[in-house]
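Each chain, letter by letter, is given below.
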Amino acid sequence: QVQLVESGGGLVQPGGSLRLSCAASGSTSSIYLMGWYRQAPGKERDLVATITTGGRINYKDSVKGRFTISRDNAKNTVYLQMNSLKPEDTAVYYCNAGPVFTKYFWGQGTQVTVSS
């Protein structure tokens, strides 16, 4: 089992920045992929960014150039630096990690609200 604890969400004005963190604990040695997803009200959860153990990164097109994902393998922690935030970035952001015996795990989610 893997436990994921997210932090760093909050309320920010358009154009502002936030940094999300997600710390993994438990059976972390086999985690290959860590990432962030988000779910806005009335919409499906979709991918924001992922990063592999080796540092290969994938971003959702709409966040390229504004968001930066990074990972500290020694701390089993993944970060999401979000700059130039827009109201359409408002969502609950979820951390995801795996696979551990083919299973992926989710954090509890952290709310990000971009509003003036």
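Each residue is numbered by its place in its chain's sequence as written, counting from 1. Given that the model is predicted, a residue must reach a pLDDT of at least 70 before its local features are reported, and side-chain atom pairs must reach 80 or more before they are shown or counted; all residues, however, enter totals for whole chains, interfaces and linings. Excluding hydrogens and water, the side-chain figures rest on all heavy atoms present in the structure.

Student: Explain the overall build of the protein chain here, please?
Tutor: For helices the rule is a DSSP run of H or I covering at least 4 residues; for strands it is a run of E covering at least 2, with both sets numbered from the N terminus onward. A tally of regular secondary structure across the protein chain gives zero helices and eleven strands. Secondary structure of the protein chain in N-to-C order comes out as β-β-β-β-β-β-β-β-β-β-β. Using C-alpha atoms as the atom set, the radius of gyration is obtained and then compared with a globule rule of 2.2 Å times the number of residues to the power 0.38. Computed over the C-alpha atoms, the radius of gyration of the protein chain is 13 Å, within 12% of the 13 Å expected from 2.2 N^0.38 for a compact globule of 116 residues. When its C-alpha atoms are laid out on the principal axes, the protein chain stretches across 40 × 25 × 20 Å. Residues counted as buried form 43% of the 116 residues belonging to the protein chain. Contacts: residue pairs with any heavy atoms within 4.5 Å of one another. Nonlocal contacts in the protein chain, meaning residues at least 24 apart in sequence, comprise 51% of its contacts between residues at least 6 apart. When the accessible surface of the protein chain is split by element, carbon and sulfur atoms take 50% of a total near 6,100 Å². In this charge count, Lys and Arg are treated as positive and Asp and Glu as negative; neither His nor the chain ends contribute. Taken as the charge centre is NZ of Lys, CZ of Arg, CG of Asp or CD of Glu, depending on the residue. A distance of 4 Å separates the average location of the 12 positive side-chain charges in the protein chain from that of its 7 negative side-chain charges. When a residue's accessible area, from a 1.4 Å probe over protein chains only, is under 20% of the maximum for its type it is buried; when over 50% it is exposed; and in between it is partly exposed. Per-residue accessibility takes into account occlusion by the displayed protein chains alone, with areas from the Shrake-Rupley method and a 1.4 Å probe.

Student: Honestly, the pairing of strand β4 (residues 33-39) in this entry has me stumped. Any pointers?
Tutor: The side chains of a regular strand alternate, first on one face of the sheet and then on the other. Burial analysis of β4 places six of its seven residues in the buried class, the great majority of the element. By the convention used here, strands pair only if DSSP detects at least 2 bridges between them. Bridging between β4 and strand β5 (residues 46-52) involves six bridges; their strand directions are antiparallel. If you follow Tyr-37 over to β5, its bridge partner there is Leu-47. The turn linking β4 back onto β5 is made up of six residues, and Gly-42 within it adopts a positive phi angle of 75 degrees.

Student: Looking at this structure, I do not really get the nonpolar core. What am I missing?
Tutor: The nonpolar side chains of a soluble globular protein tend to be buried, and buried together. Definition used in this section: a nonpolar core is a set of buried Ala, Val, Leu, Ile, Met, Phe, Trp, Tyr and Cys residues joined via side-chain atoms within 4.5 Å. Counting residues in hydrophobic clusters, the biggest one holds 29 residues, and the most contacted among them are Trp-36, Leu-80, Met-82 and Tyr-93. No other element matches the five residues that strand β9 (residues 91-100) contributes to this core.

Student: Would you mind showing me how to read the state of the cysteines here?
Tutor: Should the sulfur atoms of two cysteines be covalently bonded, the bond is a disulfide. Disulfides are defined as cysteine sulfur pairs within 2.5 Å. Scanning all chains against the criterion turns up one disulfide. Cys-22 shares a disulfide with Cys-95; S-S distance 2.1 Å. Residues Cys-22 and Cys-95 are joined by a disulfide whose S-S torsion is about -80 degrees; by sign, that bridge is left-handed. Linking Cys-22 in strand β3 (residues 18-26) with Cys-95 in strand β9, this pair joins segments that are 73 residues apart in sequence. Across the pair, exposure class does not vary: Cys-22 and Cys-95 are buried alike.

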